[in-house]
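In case you want the letters, here they are:
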Amino acid sequence: MTPSLPPTVAAHVPTGLLIGGGWRPASGGATFPVHDPGTTEVLFDVADATSDDAVAALTAADEAFAAYRSSAPSERSELLRAVYDAIRAHAEDIAALVTAEGGKPLAEARAEVAYAADYFRWFSGEAVRFDGLARRAPAGTHHQLVLRRPVGPALLITPWNFPIAMIARKVAPALAAGCTAIVKPARLAPLTTALVAEIIREELARRDLPGGVLNVVPSSSARGVSEPLLADPRLRKLSFTGSTEVGRTLLAGAAQNVLRTSMELGGNAPFLVFEDADLDAAVTGAIAAKMRNSGQTCVAANRFLVHAKVAGEFTERLTEAFATLVVGHGAEPGVTVGPLIEGAAVERVDELVAGAAGAGARVRIGGERPHRPGWFYAPTVLDRVTPDMPLVTEEIFGPVAAVLTFGSEQEAITMANATPFGLVAYAYTGDLSRALRLAEALDTGMLGVNRGMVSDATAPFGGVKSSGLGREGGAEGLDEYLDTVYVAV
């Protein structure tokens, strides 16, 4: 057993499908392996759901919907609060599992568990705060009511890089709104989803709520699960976090039955450092924005755009900071940079770095694979980077910082917006007026000003352009699972 997963934790991880309140094997009996990316060893073999299993999960969700949507908002609120309490009580075990299947350092895994729990706490409050309207019509001839009601059964497709945060960000508002759900976790990291689903299953049973409220169908074939569900008129909602390419395919499938959709897709975040920035703070923020989960986040800083006057000093300080990072298995003490999720990810990052270096970029530190077991890549800083390099135009998803320079504020804005993506941007400046101008001018759904992290359960998360549709978190996160109904009386 991997050192990051104590036997007491391993004994409680479900490896089947959760359908209608019970765990079961896949209908075809097949399984697929889940690896520890820090060692490449197999952690568990997990049930591999078929199309028939996916439809069975939707049947369970549909049958549970009528009763669950009629449950009192206060009851749903108490359910979510109990899940929050349970996650906090089992935080160490869950964090160990996050590290084992995802590779991130244990300190980061603990932070993710706390962040995920906050979604259940936040939406436990939102569950009893649906906005509506009752008024006499301006014409004076009748009264107007505006009601909110749950959309219906929802398909929630989660990524591997934040295995508990992403299920929390989708399941918590769905359950708060009165929707039932089918979760399709990522093939590379389905174990944490299963453990959290078991917590929710126990809380549902304790309250005599239908087991089909939450169903989980891990599968090695994403299309094998999603396609039959998107074609089924009983499904009314799709929420997906992942690549823009896959998101487009899912949107096309969702058009068949005109589903409500939430899409949190790819990013290419610019990190702007102006000449008046506090460089110490900017480097600290750069580490936070770039190196969380070894750069494998949709909100990772992808392009460091630095004013020419401070570019040399910033790059030197960033290189020194990267030199202090400790690469290793996430469960090892003192490790700050874990592995990438699989061998293919290492190959891709290596190709991007080698391509940039071959085209004239300078590798200041890193640029190689450490000689150790597991799927690792060394923290890397490059300068003399040009805007046309694939290292800049594509999402890196690895521990690599590419530094470019600009000469004016308008040039920085133009460079930052020169991408089809618009999820998040970061800016370091001592000028409040400039910060406000950037908030208006940057094509982004989120902006961190003198901050390297923006995610918060109480605030809307999402992007513009090819980075997606809709928002998760905040009051807006609940809206994604509610229909608006107008009644004229």
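In this report, we go over the structure that sits alongside the text. (Residues numbered from 1 in each chain as written. Predicted model: local features only at pLDDT ≥ 70, side-chain atom pairs only at ≥ 80, totals over all residues. Heavy atoms only, no water.)

**Overview of the overall build of the protein**
Argument step 1. Along its length, the protein carries 16 helices and 22 strands.
Argument step 2. Taking 2.2 N^0.38 as the reference for a compact globule, 489 residues should give roughly 23 Å; the C-alpha atoms of the protein span a radius of gyration of 23 Å, in line with that estimate.
Argument step 3. Here the C-alpha coordinates of the protein stretch approximately 65 × 65 × 40 Å along the principal axes.
Argument step 4. Taking as baseline every contact in the protein between residues at least 6 positions apart, the subset at least 24 positions apart corresponds to 72%.
Argument step 5. For the protein, the exposed area adds up to about 18,300 Å²; of that, 53% sits on carbon and sulfur atoms.
Argument step 6. If you average the places of the 42 positive and of the 55 negative side-chain charges in the protein, the two averages end up 5 Å apart. (Helix = DSSP H or I, 4+ residues; strand = E, 2+ residues; numbered from the N terminus. Rg over C-alpha atoms; globule rule 2.2 N^0.38 Å. Contact = heavy atoms within 4.5 Å. Areas by Shrake-Rupley, 256 points an atom, 1.4 Å probe, with all protein chains shown as cover. Lys, Arg positive; Asp, Glu negative; His and termini not counted. Charge placed at Lys NZ, Arg CZ, Asp CG, Glu CD.)

**Structural notes on helix α2 (residues 51–69)**
Argument step 1. Between its terminal C-alpha atoms α2 stretches 26 Å, which fits the 27 Å expected from 19 residues at 1.5 Å a residue.
Argument step 2. Taken as a whole, α2 has its buried residues at Asp 53, Ala 54, Ala 57, Leu 58, Ala 60, Ala 61, Ala 64, Phe 65 and Tyr 68. (Expected span 1.5 Å × (residues − 1). Buried < 20%, exposed > 50% of the residue type's maximum accessible area, 1.4 Å probe, protein only.)

**A look at the side chain of Thr 297**
Argument step 1. Within the secondary structure, Thr 297 is located in the loop between α10 (279–291) and β13 (301–307).
Argument step 2. You can call Thr 297 buried: its relative accessible area is 4%.
Argument step 3. Within the structure, Thr 297 has its side chain in polar contact with the backbone nitrogen of Ala 300 (distance 2.8 Å).
Argument step 4. Look past the residues within four positions of Thr 297 in its chain and what remains in contact with it is Asn 161, Phe 162, Arg 292, Glu 395 and Phe 397. (Polar contact = N/O pair within 3.5 Å; in protein donor to acceptor, adjacent residues only side chain to side chain.)

**A word on unusual backbone geometry**
Argument step 1. Residue Val 258 is not a glycine yet carries a positive backbone phi of 50°.
Argument step 2. As for its position among the elements, Val 258 is in the loop between α9 (244–254) and β11 (260–264).
Argument step 3. Under the relative-accessibility criterion, Val 258 is labelled exposed at 63%.
Argument step 4. Notably, Asn 293 is not glycine yet its phi reads approximately 55°, a positive angle.

**Some points on the packing of helix α8 (residues 222–230) against α9**
Argument step 1. At their nearest, the axes of α8 and α9 sit 9 Å apart, and the two run at 30° to each other. In terms of orientation, α8 and α9 fall into the roughly parallel class. Between α8 and α9 lies a crossing of right-handed hand. Along its contact with α8, which presents Arg 223, Ser 226 and Leu 230, the element α9 presents Thr 249, Leu 250, Gly 253 and Ala 254.
Argument step 2. Within the contact of α8 with α9, the residues separate by chemical class into 3 nonpolar, 3 polar and 1 charged. (Axes fitted to C-alpha atoms, helices over the stretch in contact; angles between N-to-C directions. Parallel < 35°, antiparallel > 145°, perpendicular 65-115°, else oblique. Left-handed = near helix turned anticlockwise from the far one by under 90°. Nonpolar A, V, L, I, M, F, W, Y, C, P; charged D, E, K, R; others polar.)

**Section: the layout of surface pockets**
Argument step 1. Estimated volume of the largest pocket: approximately 1,300 Å³.
Argument step 2. In terms of lining residues, the largest pocket is bounded by 44 residues, among which Trp 160, Phe 240, Gly 242, Ser 243 and Val 246 are the most central.
Argument step 3. Looking at the lining of the largest pocket, the elements that each hand over two or more residues are α8, β10 (237–241), α9 and α12 (343–358).
Argument step 4. In terms of residue count, the dominant contributor to the lining of the largest pocket is α9 (6 residues).
Argument step 5. For the lining of the largest pocket, the per-class residue count stands at 19 nonpolar, 15 polar and 10 charged.
Argument step 6. Taken as a whole, the second largest pocket encloses approximately 270 Å³ of empty space.
Argument step 7. Going through the elements one at a time, α5 (106–126) and β19 (446–449) are the ones with two or more residues in the lining of the second largest pocket.
Argument step 8. No other element matches α5, which puts 5 residues into the lining of the second largest pocket. (1 Å grid on protein atoms, 1.4 Å probe; cavity = no way out; pocket = protein on both sides within 12 Å on 5 of 7 lines; lining within 4 Å. Points joined across faces, edges and corners; volume = space filled by probe spheres on them.)

**Here we look at the nonpolar core**
Argument step 1. In terms of nonpolar packing, the biggest core is built from 65 residues, with Ile 87, Phe 120, Val 171, Leu 175 and Ile 200 touching the most fellow members.
Argument step 2. At 10 residues, helix α6 (residues 165–177) tops the list of elements feeding residues into this core.
Argument step 3. Phe 274, Ala 361, Ala 402 and Ala 425 belong to the second largest nonpolar core, which has 35 residues in total. (Core = buried A, V, L, I, M, F, W, Y, C linked by side-chain atoms within 4.5 Å.)

**Considerations on the packing of α10 against helix α11 (residues 308–323)**
Argument step 1. α11 packs onto α10 with a crossing angle of 55° between their chain directions and a minimal axis gap of 10 Å. The angle between the axes of α10 and α11 places the two elements in the oblique class. In this structure, α10 crosses over α11, and the sense of that crossing is right-handed. Of the residues in α11, those touching α10 at Leu 279, Asp 280, Ala 282, Val 283, Ala 286, Ile 287, Lys 290 and Met 291 are Val 310, Glu 313, Phe 314, Arg 317, Leu 318, Ala 321 and Phe 322.

**Digging into empty space enclosed by the protein**
Argument step 1. Per the stated rule, a full pass over the model turns up 6 cavities of 30 Å³ or more.
Argument step 2. Phe 162, Met 166, Arg 169, Ser 455 and Phe 461 are, among the 15 residues lining the largest cavity, the residues nearest its centre.
Argument step 3. If one sorts the elements of the lining of the largest cavity by residue count, α6 sits on top with 3 residues.
Argument step 4. When its residues are assigned to classes, the lining of the largest cavity shows 8 nonpolar, 4 polar and 3 charged.

**A look at the sheet that holds β19**
Within a sheet, neighbouring strands are paired by backbone hydrogen bonds and run either parallel or antiparallel to one another.
Argument step 1. The sheet built from 7 strands is open, its strands ordered β14-β15-β16-β13-β12-β18-β19 with mixed pairing. Of all strands in the sheet, those with a lone pairing partner are β14 (362–365) and β19, marking the two edges. For this sheet the average axis-to-axis angle between neighbouring strands, irrespective of direction, equals 25°.
Argument step 2. Strand direction decides the pairing type here: strand β18 (residues 424–428) and β19, joined by 4 bridges, are parallel. Opposite Ala 427, over in β19, you have Val 449 as the bridge partner.
Argument step 3. Along the sheet, helix α15 (residues 432–441) contacts β12 (269–273), β18 and β19; its crossing angle with β19, the most-contacted strand, is approximately 165°. (Pairing = 2+ DSSP bridges.)

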